[in-house]
Amino acid sequence: MVRFLIRRLLTGVLVVWLISVIVFAIFFIAPHNVAQLLLGKFAAQNQQLVQTVTKQLGLDQPIWVQYAHFLNRLFHGDLGYSYYSHEPVTSLIKAALPITASLAIGAAIIWVVAGVLIGVLSATRPRSFTDRLATLFALIGLSFPTFVLGLLLLYFFFYQLHLAGVTFFPGGGYVPLTQNPGQWAQHLILPWITLAVASMAVYVRLTRGQMLEVLGEDYVRTARSKGLRPLRVTYRHGLRAALVPIVTQFGIDVATLLGGAIVTEQVFGLNGLGRMSVQAVTNQDEPVIIAVVLLAAVFVVVANIVVDLLYAVLDPRVRLS
Amino acid sequence: MSTTELFESAEVPTIDTSGTLGRSPWQLAWARLRRDRVALVCGAFIVLLGLVAAFAGPLSKLIGWSPTQQDRINGLTPDGLPAPPSVHHLLGTDNLGRDVLVRVIYGTRVSLAVGVAAAVAAVLIGVIVGLIAGYFGPAVDAIVSRLMDVVLSFPFLLFAIALVSVVGPSELVEIGVIAFFSWAAVGRIVRGQTLSIREKEYIEAARSLGASDRRIMFVDVLPNLVAPVLVYTTLLIPVSIVFEATLSYLGVGIIPPTPSWGNMISDAQDVYQQAWWFLLFPGIALIATTLAFNLLGDSVRDALDPRTERLFAK
């Protein structure tokens, strides 16, 4: 178990390092001149100034020296300063992280719980009306691009309801959880649904398929013949075994979740990490982009290690070695 | 009586085969697909989309507006807002007074071209890399598989926008970016299949006859992978189309004024409260297209391998 964890952590570190190199390389071969960009109209008048700024930012040194500096600062928790707002990248991230975390975690809970529940309902009554309804939902959910769904939700639940005098759903923005939990949830409910629906559809189908398979196994028949309550058989005997591939899928979906968060934040004007990175791309604010991409990579790697550990908890047959 | 004698004396039953035709698995699959009403409707819709994309020029001439032409008379309301659907503009106008119908038609071209090209490119890379990983033994497999794991666990949208920001957006870059983040999933499937096929006797036979590695990979192994690859390609196209629209929506895909469904929806975001048509029509085009490809892919899978459970049971 410990050995497995250590090996898993080591490969994780390797992947993150690889990504840091790739990201750094991408931005080093960038054809634009950062100093020129920063100075704007001053650059044309004063070539001297461009060179000073280049020097100040350390952009005149060889690539590997820059990378070494970058790594060194990284280990000291210093991600540099935004080229654009001149604020430390760490404080920018600190401000944006709670928003993205609230959005992503909330949406993930909704999609997993709702997706699995609908899938189980579907599987226990195959070809029933509920099953068909769930299938229809999955079909529509899968084909709805996130941003189209978000804008449609805004149109109906924010704009049309406001016209009708119902002002429950705000049109965007964010209220910190610590400030007012009620308003926090109220502001996030539409973004949560937007981000959750497409993935939920996948989980409905996956759970249904898995459950149908598991419920046909011998030990489930044994459990039923012992006279256990049907609910207990479905959830304790059936769902637990069916959860393993669902957990695998979740590991894969973490990267998708982050991508969806970028789009959702853009639709609802949430100033989280996703929106921050899109703005950083527009402003060619490289320290911010590099930091967000690295953070995302670390997050994906950690999430996948957690998923691997969950296997052992869920399925006693899995031995971690 | 010995076994041999038994066989020799046994009467061979003659079957009248004149009435039945031998059909290859492909013919069977095609027959199944043709009986599938959902597949027919979706296939027809996709063909129609292709025609619309191919004849976007003549169609826009027929309608009377070019995709970038601003109508200075009826294009905007007196308040400067998009004009609602009318006789001048059947689906209304956008924020700059351009015809939404013509722009949606031209958007079809971008979506199909980028979506199909990216999916095909991803499949080509995925097949080759997957074959190499599956065929050349554990050492190569370990390296290539790890590489595929890394690509699969990339927060791809974030990487895509970062990459585009550096290289600069264009149609070709977009195709490359989408293909780059999609090939690994194909590679994984091909690798898995290749691993089992390469242990088959006929591969050993080919090798003992002196066939080269390349010949075995492409002539003996690859034809067995056509069915799963075909299914995956059909399902990858809608994913690529949504990917394209998302990049354009975020402003790192197709550069305005060239219309794409994604950048239209992005423009519509600021005025959707006053101009629902501007958001709705490109949105419907996008959803209908992905839906059609998803359903068709599901039918193709069903036709090629009836044992698999359908994604959308009827």
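All of these numbers come straight from a predicted model, not from anything done at the bench. (Residues numbered from 1 in each chain as written. Chains lettered and ligands numbered in written order. Predicted model: local features only at pLDDT ≥ 70, side-chain atom pairs only at ≥ 80, totals over all residues. Heavy atoms only, no water.)

## A closer look at the UniProt feature "transmembrane region" (unreviewed entry) in chain B
Residues and elements named next belong to chain B.
- The feature "transmembrane region" (unreviewed entry), as annotated in UniProt, sits at residues 38-57, 110-135, 147-166, 172-190, 225-255 and 275-297 in this numbering.
- Annotated as residues 172-190, this span is 89% helix and 0% strand, and its ends, taken at the C-alpha atoms, are 26 Å apart.
- As a span, residues 225-255 carries 77% helix and 0% strand, and end to end its C-alpha atoms are 38 Å apart. (UniProt positions renumbered as here; feature names shortened; annotations may be inferred. Helix = DSSP H or I, 4+ residues; strand = E, 2+ residues; numbered from the N terminus.)

## Focus on the interface of chain A and chain B
- Taken together, the contact pairs 47 residues of chain A with 40 residues of chain B.
- Looking only at chain A, the three residues that lose the most surface to chain B are S143, F147 and L151 of chain A, adding up to 15% of its buried area.
- For the pair chain A and chain B, the interface holds zero salt bridges.
- Summed over the shared surface of chain A and chain B, the number is five residue pairs in polar contact (both at pLDDT 80 or more).
- Among the secondary structure elements, those contributing two or more residues to the side of chain A that touches chain B are α1 (2-28), α7 (129-143), α8 (146-163), α9 (181-215), α11 (230-268), α12 (273-283) and α13 (286-314) of chain A.
- The residue inventory of the side of chain A that touches chain B, partitioned by class, reads 34 nonpolar, nine polar and four charged. (Contact = heavy atoms within 4.5 Å. Buried area = accessible area lost by both parts, 1.4 Å probe. Salt bridge = Lys/Arg side-chain N within 4 Å of Asp/Glu carboxyl O. Polar contact = N/O pair within 3.5 Å; in protein donor to acceptor, adjacent residues only side chain to side chain. Nonpolar A, V, L, I, M, F, W, Y, C, P; charged D, E, K, R; others polar.)

## With respect to a nonpolar patch on the surface
All names here are of chain A.
- Taken together, the side chains of I105, I109, V113, L117, L231 and Y235 make up a nonpolar region of the molecular surface, amounting to roughly 560 Å² of accessible area.
- Those elements that provide at least two residues to the nonpolar patch are α6 (89-124) and α11.
- For the nonpolar patch, the element with the highest residue contribution is α6, accounting for four residues.
- Secondary-structure assignment places Y235 in helix α11.
- Given a relative accessible area of 31%, Y235 falls into the partly exposed group. (Patch = residues over 30% accessible without salt bridge, like charges linked within 9 Å, V, L, I, M, F, W, Y side chains within 5 Å. Areas by Shrake-Rupley, 256 points an atom, 1.4 Å probe, with all protein chains shown as cover. Buried < 20%, exposed > 50% of the residue type's maximum accessible area, 1.4 Å probe, protein only.)

## A look at the packing of aromatic side chains
- With the rule as written, the count across this model stands at 14 aromatic pairs over all chains.
- On the basis of an interplanar angle of 55° and a centroid distance of 6.1 Å, the ring pair of W111 of chain A and F250 of chain A is categorised as tilted. Of the two residues, W111 of chain A is situated in helix α6 and F250 of chain A in helix α11; the sequence distance between them amounts to 139 residues.
- Joined through ring pairs, the aromatic side chains of Y155, F156 and Y159 of chain A together with Y272 of chain B make up one cluster. (Phe/Tyr/Trp six-rings, centres within 6.5 Å; stacked < 30°, edge-to-face > 60°.)

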